[in-house]
Amino acid sequence: METLEIPEPIRERCRSARRAVVFSGAGVSRESGLDTFRGAGGLWERMRPEELATPEAFRADPGKVWRWYAWRWKTAAGAQPNPAHYALVRWETLFPAFHLITQNVDGLHARAGSRGVLELHGTLLTARCHRCGRQRDMGEAIAASPEKPPACDCGGLFRPAVVWFGENLDPEVLSQAQEEAARCDLFLSVGTSSTVYPAAGLIELAQRAGACVIEVNPEPTPFSRRMDLCLGAPAGVAVPFSPRRSRAAG
Ligand code: OAD
């Protein structure tokens, strides 16, 4: 089903849910003006991930990788949260337990006011020394050295504290996300192509747990056919519906 109509049995499952998980991806920030990775106009249409988002790329050309993330940092810093981000702040108050798990590194969920966001792919707002792990503010690091990664006292280079392809996710963040997905009774997947693992595996965990699983995405994903409900609309339109109320909007 690709409409904003929510069948009564799904509404009832939303109303009675005790543990809700929201799993977000780049599409949730699209209406804030940030590019997605895949699909028409996506970042990976114009750029090659292996040249920008891998440890090998950073070793081969640290300046190129640094400048690309500096551009993304500036774009994210200049963006504002949209109605979907704000609606998800309200979701915290709607369920006895609520967890927001994001693949986004833009920090917009937290800027909207969401607390305790599990950032599976790290954050663009922090720079980390690739050698000793020391952290500093990404904006300050870019201001100090806009063209190439600044050096750390240990002789290493600062890089964005994001997870690159070929790197492991923070095991604590991942295991908490998996735990919550595996014991939720409502799971909302919003703005993700659901193609990058292990993140997309959270959807399978929630389905296996018997949760009511809802997808918000204007385009179908590999999981759409297995969803309890697909809302084929932009996040800023679909997410603000209150899952505790009986009407679709409000
Ligand atoms: P993708 O770019 O793969 O997918 C974004 C999804 O958002 C697509 O399915 C779009 O159809 C959908 N979309 C577009 N506009 C939307 C809107 N207004 N409202 C709702 N949905 C919309 O982004 P992710 O799934 O987040 O990883 O990508 C996962 C990971 O792949 C990222 O974290 C990043 C990327 O490469 C790394 O960099 C490691």
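Position numbers for residues start from 1 in each chain and track the written sequence from start to end. Only residues with pLDDT of at least 70 are given local features in this predicted model, and only at 80 or more are side-chain atom pairs given and counted; all residues enter the totals for whole chains, interfaces and linings. Based on all heavy atoms of the structure, the side-chain values leave hydrogens and waters out of the count.

Some points on helix H6 (residues 83–91)
Next up, step 1: Burial status follows relative accessibility: with a 1.4 Å probe on protein chains alone, a residue under 20% of its type maximum counts as buried, one over 50% as exposed, and anything between as partly exposed. Under the DSSP-based scheme used, a helix requires at least four consecutive residues in state H or I and a strand at least two consecutive residues in state E, with every element numbered from the N terminus. Residues of H6 that are buried: Ala84, His85, Ala87, Leu88, Val89 and Trp91.
Next up, step 2: One side-chain oxygen at the N-terminal end of H6 lies 2.7 Å from the backbone nitrogen of alanine 84; it belongs to asparagine 82. Any N or O atom pair separated by 3.5 Å or less is treated as a polar contact, with the protein-specific requirement of one donor-capable and one acceptor-capable atom, and with residues adjacent in sequence counted only for side-chain atom pairs.

Quick notes on the site of the ligand
Next up, step 1: Neighbouring the ligand are 22 residues; Phe37, Arg38, His121, Thr192 and Ser193 lie closest to it.
Next up, step 2: Note that an oxygen atom of the ligand is positioned 3.3 Å from one of the backbone N or O atoms of glycine 191.
Next up, step 3: Interatomic distance of 2.8 Å between a backbone N/O atom of alanine 235 and a nitrogen atom of the ligand.
Next up, step 4: What sets the accessible areas is the Shrake-Rupley method with a 1.4 Å probe; for residues, cover comes only from the shown protein chains. Alone, the ligand offers 790 Å² of accessible surface; in the complex the protein occludes 91% of this.
Next up, step 5: Amino acids outside the nonpolar list (Ala, Val, Leu, Ile, Met, Phe, Trp, Tyr, Cys, Pro) and the charged list (Asp, Glu, Lys, Arg) are all regarded as polar, and Gly is one of them. When grouped by side-chain class, the residues that make up the shell around the ligand number nine nonpolar, nine polar and four charged. Residues are counted as near a molecule or strand when any one of their heavy atoms sits within 4 Å of it.

Some details on the pattern of salt bridges
Next up, step 1: The salt bridge criterion pairs a side-chain nitrogen of Lys or Arg with a carboxyl oxygen of Asp or Glu, the two atoms within 4 Å. The tally for this structure, following the rule as stated, stands at 14 salt bridges.
Next up, step 2: Measuring nitrogen to oxygen at the nearest pair gives 3.9 Å for the salt bridge that ties aspartate 228 to arginine 13. Here aspartate 228, found in the loop between strand E8 (212–216) and strand E9 (229–231), pairs with arginine 13, found in helix H1 (residues 8–16); they are 215 residues apart in sequence, far enough to count as distant.
Next up, step 3: Judged by its relative accessible area of 37%, aspartate 228 is partly exposed.
Next up, step 4: A salt bridge links lysine 64 to glutamate 51; the nearest nitrogen and oxygen atoms lie 3.1 Å apart. Within this pair, whereas lysine 64 is found in helix H5 (residues 62–78), its partner glutamate 51 is found in helix H3 (residues 49–52), the two being separated by 13 residues in sequence.
Next up, step 5: The class for glutamate 51 is partly exposed, based on a relative accessible area of 34%.
Next up, step 6: Sharing partners across several salt bridges, the network here consists of Glu8, Arg11, Glu12 and Arg15.

Quick notes on the domain arrangement of the chain
Next up, step 1: Under the domain assignment used here, the chain contains domain 1 (1–34 + 81–121 + 169–250) and domain 2 (35–78 + 125–162).
Next up, step 2: For the domains described, the bounds stem from an automatic or database domain assignment. Each of domain 1 and domain 2 was reduced to a C-alpha centroid, and the two centroids are 27 Å apart.
Next up, step 3: Counting residues at the interface gives 14 residues for domain 1, matched by 11 residues for domain 2.
Next up, step 4: With both sides pooled, the region where domain 1 packs onto domain 2 buries about 920 Å², and carbon together with sulfur makes up 61% of that total.
Next up, step 5: When the buried surface of domain 1 facing domain 2 is broken down by residue, Ala26, Leu34 and Val105 rank first, second and third, together holding 45% of it.
Next up, step 6: Taken together, the links from domain 1 to domain 2 amount to zero salt bridges.
Next up, step 7: Seen at the junction of domain 1 and domain 2, the total is one residue pair in polar contact (both at pLDDT 80 or more).
Next up, step 8: Of the residues assigned to the side of domain 1 that touches domain 2, the class counts are five nonpolar, six polar and three charged. When checking whether two residues touch, look at their non-hydrogen atoms; a contact exists if any pair is within 4.5 Å. Once two parts are joined, some of their accessible surface, as seen by a 1.4 Å probe, is lost; buried area is that loss totalled over both.

Remarks on the sheet that holds strand E6 (residues 158–162)
Next up, step 1: What makes two strands pair is DSSP finding at least two bridges between them. Spatial ordering of the open sheet is given by E5-E4-E6, a layout of three strands whose pairing is antiparallel. The open sheet has two free edges, formed respectively by strand E5 (135–137) and E6, since each of these has just one partner strand. For this sheet the average axis-to-axis angle between neighbouring strands, irrespective of direction, equals 45°.
Next up, step 2: Angles here are taken between N-to-C directions and fall from 0 to 180 degrees, while the axes themselves are lines fitted to C-alpha atoms, restricted in helices to the stretch in contact. Here H5 sits on the sheet and contacts strand E4 (122–129) and E6; the angle it forms with E4, its principal contact strand, is near 140°.

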